[in-house]
Amino acid sequence: MAEGDARADCYPLADALPVDLADLDPGTNVLVSGPSMSGKRQLVFDLLAPNGVTADPVVVMTTDDPTSRIQTGFEDRGVRFDPTTFRVVDATGAPGDSEPAVHRVSSPADLTRMGVAFTQAVDEMGTPDRLRLGFVSISTLLQYVDAERAFSFLHVLSRRTSAAGYLGVYSIDPTTHEDRFVNVVTSIFDAAIEIRERDGDRELRVRGPLDVPPEWTPFPYSRRTASADTLPRRRSRATASGSRSVGSPNPPPPGVRTLTTSPACRSWVDLPGIRSASASPSPRVK
Amino acid sequence: MTASEGGTVLIVDDDREVVRTYRRYLDETYTIREAYGGEAALDELDDDDDVDVVLLDRLMPGPSGREVLDRIREDGYDVRVAMVTAIDPDFDIVDMGFDDYVTKPTTRDELRRTVASLLELDQHAVDVRQYHSLLVKAAALREGKSTYELDENRAYTDLESRISDLEATLDDEAERLVDDSRFVATLRAIDTAATREDADG
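Keep in mind that what you see is a predicted model, and the values were worked out from it rather than measured.

For the rest of this paragraph, the subject is the UniProt feature "modified residue: 4-aspartylphosphate" (unreviewed entry) in chain B. All names here are of chain B. Residues annotated in UniProt with the feature "modified residue: 4-aspartylphosphate" (unreviewed entry) correspond here to Asp57. Position of aspartate 57 among the secondary structure elements: in strand 3 (residues 51-57). Exposure remark for aspartate 57: the relative accessible area of 4% places this residue in the buried category. With residues up to four places along the chain from it excluded, the contact list for aspartate 57 reads Val12, Asp13, Asp14, Gly65, Val84 and Lys104.

Written as structure tokens, this is what we have:
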């Protein structure tokens, strides 16, 4: 798997984000972080099935939203609830009919069963070369298992999808956990997309990719219905590999890991002191 | 887990000749325990906390390998289990709760390879937990300290270098998680370790 040249192409994001981030490398894992009712679920769905992009196979693992809500969310985005390309691992414990597209797990506390359900979902979709995995949410998982087990599960799951060249998108509500836990769990991910609210307005920033300034950017709630003029203009991207001369380096969240594979689509922040490749620790941005 | 001693393997088979053969294959590297039936196997697990890997014959008089496995899982023993079967399993081992399987008659190399692989994934689960614990310590040290203070802090820089080493180890292992049974067995190792700690605590 994943021998450099044979890697699948990048995962386009279209206009899912109000910043200049048009695609992500195969194997990337992204954390979407925001308080409740901030629209992070919508953003996770947008990253899994971006507007106007040829749909990739999707698996959504949920400890939180019942399948029906996920189904509705994706149908709103024009994604058919078709078991050949779309499956849900539903660990909410909610009762439901037997459906080919839904793999039920009795509780998020059963990490092994969640893993089994994920492998079955992927196998029954024919083990596609490309796949987007959504996980909603880390915060709910934490209500069922201790921090160490949750971390271990997320680490193993994210590394498994990474090794397969898949894209992983996980959500967390940082306001419901200690900062320390959020910092530690963030280190599993290659990039963190943070949402916050200021005076009723929503803002977003991205940390991790080298070429995206980590600046708070307005992210209106109504953007899916807003006219194209109100959306930030995108410039077309031609990412030359090796072009690392970027104006403002983007500091990753504390402990965000750097991508282990050579970047096909993006440049990633080197985190001094974390990667064994970096000889001398230099100041960490805090 | 006693990594320095290579780990402890419990061989379960009603055929004493088979047990003797497996012991010969393994005992230069691992500590060996033996049981000639399902009940004896469960007794052995109760008595001996050190068992890391169980080689479990599928067809035995008394409780079958499958029944013994179910008891092992229900009781939350933190052991990896390879089923030993005379025929290729015609069922999904991932779904049944085995971590691996060995087909009879097995060779020395195959048996040793299977045990080593199960101990490696056990170690992977231990390493992820250790990685988490080091990250928590590093995050705690970072709180309220400036970057300069941290760079001058020997404990912190040591921690960072241990984190870095462990991360490299975990990344090296990641490719093998694409294998379904290994991925699930690793999650099970995470599950059972926590269950046992809960039970002890």
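Picking up after the structure, the text goes on.
On to helix 7 (residues 154-174) of chain B, then. Compared with an ideal rise of 1.5 Å per residue, which puts 21 residues at 30 Å, helix 7 of chain B spans 30 Å between its outermost C-alpha atoms and is within 8% of the ideal. Measuring from the side-chain oxygen of the N-cap residue of helix 7 of chain B to the backbone nitrogen of alanine 155 of chain B gives 2.9 Å; that N-cap residue is asparagine 153 of chain B.

All right, on to the pairing of strand 9 (residues 191-198) of chain A then. Residues and elements named next belong to chain A. Pairing of strand 3 (residues 29-33) with strand 9, which is carried by four bridges, proceeds in the parallel orientation. Paired with valine 32 across the two strands is isoleucine 193, which belongs to strand 9. Sheet topology places strand 9 next to strand 10 (residues 201-207); seven bridges connect them, and they run antiparallel. Considered in strand 10, the bridge of glutamate 194 is made with arginine 205. Counting the residues between successive antiparallel strands, the hairpin from strand 9 to strand 10 contains two residues, one of them, aspartate 199, with a positive phi of roughly 50°.

The subject of this paragraph is the nonpolar core. Ranked by internal contacts, the top residues of the largest apolar core, which has 112 residues, are Leu17, Met61, Phe74, Ile138 and Phe153 of chain A together with Leu26 and Leu55 of chain B. Counting residues per element, this core draws most heavily on helix 5 (residues 108-142) of chain B, which supplies twelve residues. Each of domain 1 (8-124) and domain 2 (141-195) of chain B contributes no fewer than three residues to this core. The contacts of methionine 61 of chain A, once residues within four sequence positions are left out, are Val89, Met114, Phe118, Leu133, Gly134, Phe135, Val136, Phe153 and Leu157 of chain A. Val54, Val81, Met83 and Phe98 of chain B belong to the second-largest nonpolar core, a separate cluster that totals 19 residues.

Locating tyrosine 131 of chain B in the fold gives a position in helix 5. Note: C-alpha distance between tyrosine 131 of chain B and proline 105 of chain B (26 residues apart in sequence) is 39 Å. If sequence neighbours within four positions are ignored, tyrosine 131 of chain B has contacts with Phe151, His155 and Ser187 of chain A together with Ile163, Leu166, Glu167 and Leu170 of chain B.

Reading the values: rules and limits
All residue numbers refer to positions counted from 1 along the written sequence of the respective chain. Chain letters start at A and ligand numbers start at 1, both assigned in the order the entries are written. With pLDDT at 70 or above as the cut-off, local features in this predicted model cover only qualifying residues; side-chain atom pairs require 80 or more to be listed or tallied, and sums for whole chains, interfaces and linings still use all residues. Remark: hydrogens and water are excluded; side-chain values derive from all non-hydrogen atoms of the structure. UniProt positions are given in the numbering used here, feature names are shortened, and annotations may be inferred rather than shown by experiment. A helix here means a DSSP run of H or I that spans at least four residues, while a strand means a run of E at least two residues long, and both kinds are numbered starting from the N terminus. Three labels apply to residues, based on accessible area from a 1.4 Å probe with only protein chains included: buried if under 20% of the type maximum, exposed if over 50%, partly exposed otherwise in between. Contacts are residue-level and defined by heavy atoms, with any inter-residue pair within 4.5 Å sufficient. Expected helix span is computed as 1.5 Å times (number of residues minus one). Under the rule applied, a polar contact is a pair of N or O atoms within 3.5 Å (in protein, one hydrogen donor and one hydrogen acceptor; residues adjacent in sequence only if both atoms are side-chain atoms). Strands qualify as paired when DSSP identifies two bridges or more between them. Among buried residues, the Ala, Val, Leu, Ile, Met, Phe, Trp, Tyr and Cys ones that are joined through side-chain atoms within 4.5 Å form a nonpolar core. Each domain's extent is set by a domain assignment, obtained either automatically or from a database.

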